[in-house]
Amino acid sequence: QVQLVESGGGLVQTGGSLRLSCAASGRTFSSYSMGWFRQAPGEEREFVAAVTRSGDRTYYTDSVKGRFTISRDNAKNTVYLQMNNLKPEDTAVYSCAVRIRYSGSDYYTDSREYSNWGQGTQVTVSS
């Protein structure tokens, strides 16, 4: 029902900022919680952040707390990831996805809870 397209990635120096966007199709966008994940070279896909349907609650992995902010604009069918104080270890392909499963309150970091993955956008942080 929902198709996602990420944009906003690029090359920045350590300490720089990027704002990623995830544009969704369909009028059912607001019915889903959304998540951002990333996959670095040689690593498995990692949870980054999630936001509830209305945007009233957000969740982050510990390594990005205080630096990244997830938000959504349901009128524009878009979810954002503001990334500040970027570090080389943030280098990865960032993808957004729709949460379509609910196995329990502790499972929002599990990529198996999500679907409709976008193609991803590359973020590279140079040192």
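What comes next concerns the included structure. (Residues numbered from 1 in each chain as written. Predicted model: local features only at pLDDT ≥ 70, side-chain atom pairs only at ≥ 80, totals over all residues. Heavy atoms only, no water.)

### Quick word on the overall build of the chain
Now for step 1: Within the chain, the regular secondary structure consists of 0 helices and 11 strands.
Now for step 2: Starting at the N terminus, the α and β elements of the chain follow one another as β-β-β-β-β-β-β-β-β-β-β.
Now for step 3: Computed over the C-alpha atoms, the radius of gyration of the chain is 14 Å, within 12% of the 14 Å expected from 2.2 N^0.38 for a compact globule of 127 residues.
Now for step 4: When the backbone C-alpha atoms are referred to their principal axes, the chain occupies close to 40 × 30 × 25 Å.
Now for step 5: A buried classification covers 42% of the 127 residues belonging to the chain.
Now for step 6: In the chain, the proportion of contacts linking residues at least 24 apart, taken out of those at least 6 apart, comes to 56%.
Now for step 7: Taken as a whole, the chain presents about 6,900 Å² of accessible surface, with 41% of it coming from carbon and sulfur.
Now for step 8: Here the chain holds 14 positive side-chain charges and 12 negative ones, and the gap between their average locations is 8 Å. (Helix = DSSP H or I, 4+ residues; strand = E, 2+ residues; numbered from the N terminus. Rg over C-alpha atoms; globule rule 2.2 N^0.38 Å. Buried < 20%, exposed > 50% of the residue type's maximum accessible area, 1.4 Å probe, protein only. Contact = heavy atoms within 4.5 Å. Areas by Shrake-Rupley, 256 points an atom, 1.4 Å probe, with all protein chains shown as cover. Lys, Arg positive; Asp, Glu negative; His and termini not counted. Charge placed at Lys NZ, Arg CZ, Asp CG, Glu CD.)

### Let's talk about the side chain of Thr78
Now for step 1: Summarising the element assignment, Thr78 is placed in strand β8 (residues 78-83).
Now for step 2: According to the relative accessible area criterion, Thr78 is buried, its value standing at 9%.
Now for step 3: Engagement of the side chain of Thr78 in a polar contact is seen with the backbone oxygen of Lys76, the distance being 2.9 Å.
Now for step 4: Aside from chain neighbours lying at most four places away, what touches Thr78 is Ser21, Cys22, Ala23, Phe29, Ser71, Arg72 and Asp73. (Polar contact = N/O pair within 3.5 Å; in protein donor to acceptor, adjacent residues only side chain to side chain.)

### Observations concerning the environment of Arg19
Now for step 1: Tracing the backbone through its elements, the reader meets Arg19 in strand β3 (residues 18-24).
Now for step 2: Take Arg19: its relative accessible area is 47%, and that puts it in the partly exposed class.
Now for step 3: The spatial distance from the C-alpha of Arg19 to the C-alpha of Leu81 is 5.7 Å, given a sequence separation of 62 residues.
Now for step 4: In this structure Arg19 touches Ser7, Gly8, Tyr80, Leu81 and Gln82, once residues within four positions along its chain are discounted.

### Side note on the pattern of salt bridges
Opposite charge on two side chains lets them pair, provided their charged atoms get close.
Now for step 1: Tallying each qualifying case throughout the model produces 7 salt bridges.
Now for step 2: In this structure, Arg38 and Asp90 form a salt bridge, with 3.0 Å as the shortest nitrogen-oxygen distance. Placement of Arg38 in strand β4 (residues 34-39) and of Asp90 in the loop between β8 and β9 (92-99) is noted, with a sequence separation of 52 residues between them. Each of the two residues, Arg38 as well as Asp90, counts as buried.
Now for step 3: A salt bridge links Arg67 to Asp90, with the shortest nitrogen-to-oxygen separation between them at 2.7 Å. (Salt bridge = Lys/Arg side-chain N within 4 Å of Asp/Glu carboxyl O.)

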